[in-house]
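Spelled out from the first residue to the last, the chains are:
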Amino acid sequence: MRYPEISIRTKVIAENAGKVVSLCSARGINVWGVTKGVSANPSVAGAMLDGGCAGLADSRMDNIRKMRLFGIREPMMLLRIPMPGEMKQVAAMADVCLMSMPESISMLDKACEDAGTKVGVIIMVDLGDLREGIWPDGVAVMAEAVSKCRRIRCLGAGSNLGCLSGVLPTVTNLSLLVSIAREFETFLGYPLEVVSGGATSSLPLVEDASMPPGVSQLRIGEAILLGTDVSGGRAIPYLSQDAIRISAEVVEVRSKPSLPIGETGSDAFGNKPVFENRGIRRRAILAIGRQDIRPEGLAPIDKGISIIGASSDHLTLDVEEFDGSIRPGDVVSFSPDYGATLAATTSAYVRTRIIES
Ligand SMILES: *Cc1c(COP(=O)(O)O)cnc(C)c1O
């Protein structure tokens, strides 16, 4: 049994990484490859490093542990501000950690003391997306927390945009980040190497050369994996969108009416789907569902195929306008977005196939 499957072309990932890295390095910015989108698949992580990424970054310690177990020794960054319950693992396995709470900094310092290690921290600043980070007037408190630690070094300041509220990176908000980093230097009394200016959504500022000077690092996942930038709503023209595909097997093909028959309540997920009457149409069912993917994040590769809906284990397609024959055992492929990729690599039921070409 091979399907459902997510296939990943590591050569394409390495090429995408290489292009992002050379674009950024021309502006003095280094790139950390973000692996969470593929659940830190070690081959993909390796391809990011082959493409020139300075290190690997992931939001989960489980993923960092996995990459370490696969023998990857390059620098690793924990992207999600750490749980107090995982400081021991952070101290043992991460080189860099994003931070936003003073008490977490002292907990990590204690864990490093016990483990005999050192971790660099990047202080997160909330520039308006309202996820993690200190308010711009909170520099003194954080600088004081870091100064008390013996095993923690403040590497710099960072920010995350575009994720929770969709706030876009701009010259204005990233200039504020650079000036906050300078303020940290004044409090700490040593220069900071890192101003970590965001993720894929920050690339437009590098492309049009408007990135504020001083921003020295980006943490990039989506652009390298998928060649897209969801917050800017674009396919990035100089990158490939072909690295990752999700495929599933057809289990039924029948012509059926486009309107349900009978009284309708909610679907299996509590939604009330609305259908348009388009007469009798040919439909196919694929053996993949919400337990494996985010159906809203799949784009069929073949023309004439569209998604009608999904339950936990079935994905229903309209194939009326598909030119070819389609029957049980045939395989239909999709280009996934970030959410669908994340879900597929996390599902225990989807096999990951690495294609090394
Ligand atoms: C996921 C994540 C990134 C990478 O975002 P992309 O949009 O995939 O480039 C960067 N920073 C943090 C804190 C993240 O959680």
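> Go over the packing of aromatic side chains with me, naming the residues and quoting the values.
Within this structure, the stated rule accounts for zero aromatic pairs. Seen from the ring of Phe 269, Arg 290 lies directly overhead, with NZ or CZ sitting 5.3 Å from the centre.

> If you had to explain the packing of helix α1 (residues 10-25) against helix α2 (residues 42-50) to someone new, which residues and values would you point to?
At a closest axis distance of 7 Å, the pairing of α1 and α2 adopts a crossing angle of 35 degrees. Both α1 and α2 take part in a crossing whose hand is right-handed. Of α2, the residues touching α1 (which contributes Thr 10, Ile 13, Ala 14 and Ala 17) are Ser 43, Val 44, Ala 47, Met 48 and Asp 50. Split into classes, the residues belonging to the contact of α1 with α2 amount to six nonpolar, two polar and one charged.

> Could you give me a rundown of the nonpolar core, with the residues and numbers involved?
As a rule of thumb, nonpolar side chains are buried together in soluble globular proteins. In terms of nonpolar packing, the biggest core is built from 97 residues, with Leu 108, Ile 123 and Phe 184 touching the most fellow members. Each of domain 1 (9-235) and domain 2 (245-355) gives at least three residues to this core. Grouped together as the second largest cluster of nonpolar side chains are eleven residues, Val 34, Val 96, Leu 98 and Met 124 included.

> Give me α2: which residues, what numbers.
Looking at α2, one finds that the buried residues are Pro 42, Val 44, Ala 45, Ala 47, Met 48 and Leu 49. Its side-chain oxygen 2.9 Å from the backbone nitrogen of Ser 43, Asn 41 forms the N-cap of α2. Looking one or two residues past α2, Gly 52 carries a phi angle of roughly 105 degrees, positive in sign.

> Give me the lowdown on the domain arrangement of the chain, citing residues and values where you can.
According to the domain assignment, the chain contains domain 1 (9-235) and domain 2 (245-355). The centre of domain 1, based on its C-alpha atoms, is set 36 Å off from the matching centre of domain 2. Taken together, the contact between domain 1 and domain 2 spans 15 residues of the former and ten residues of the latter. Of the roughly 950 Å² buried between domain 1 and domain 2, counting both surfaces, carbon and sulfur atoms make up 62%. When the buried area of domain 1 at its contact with domain 2 is split by residue, Arg 9, Gly 37 and Leu 226 rank highest and sum to 43% of it. Viewed at the interface, domain 2 and domain 1 are joined by zero salt bridges. Where the side of domain 1 that touches domain 2 is concerned, the elements lending two or more residues are α1, α2 and α9 (222-226).

Scoring rules and cut-offs
Numbering of residues starts from 1 in each chain and follows the order in which that chain's sequence is written. Local features in this predicted model are restricted to residues whose pLDDT is 70 or higher, and side-chain atom pairs enter the listing and the counts only when it is 80 or higher, whereas totals over whole chains, interfaces and linings include all residues. In computing side-chain values, all of the structure's heavy atoms are included and hydrogens and water are not. The criterion for an aromatic pair is that two Phe, Tyr or Trp rings (for Trp, the six-membered ring) have centres within 6.5 Å, with stacked assigned to planes under 30 degrees apart, edge-to-face to planes over 60 apart and tilted to the rest. Criterion for a charge above a ring: Arg CZ or Lys NZ at most 6 Å from the ring centre, at most 35 degrees from the ring normal. Lines fitted to C-alpha atoms define the axes here, with helix axes fitted over just the stretch in contact, and angles between the N-to-C directions of these axes take values from 0 to 180 degrees. Only DSSP runs of H or I covering at least 4 residues are called helices, and only runs of E covering at least 2 are called strands; the numbering of each starts at the N terminus. Should the near helix be turned counterclockwise from the far one by less than a right angle, the crossing is left-handed, whereas a clockwise turn marks it as right-handed. Contact criterion: two residues are considered in contact whenever any of their non-hydrogen atoms come within 4.5 Å of each other. Asp, Glu, Lys and Arg are counted as charged, while Ala, Val, Leu, Ile, Met, Phe, Trp, Tyr, Cys and Pro are counted as nonpolar; the rest, among them Gly, fall into the polar class. For this analysis, a nonpolar core means a set of buried residues of the types Ala, Val, Leu, Ile, Met, Phe, Trp, Tyr and Cys, connected via side-chain atoms within 4.5 Å. The classification of residues rests on relative accessible area computed with a 1.4 Å probe and restricted to protein chains. Under 20% of the type maximum is buried, over 50% is exposed, and intermediate values are partly exposed. What fixes the domain bounds is an automatic or database domain assignment. Think of a polar contact as two N or O atoms within 3.5 Å of one another; within protein, one of them needs to be a possible hydrogen donor and the other a possible acceptor, and neighboring residues in sequence only count if both atoms come from side chains. Note: buried area is the sum, over both parts, of the accessible area (probe 1.4 Å) each one loses when the two are combined. Salt bridges, as used here, are contacts in which a Lys or Arg side-chain nitrogen is within 4 Å of a carboxyl oxygen on Asp or Glu.

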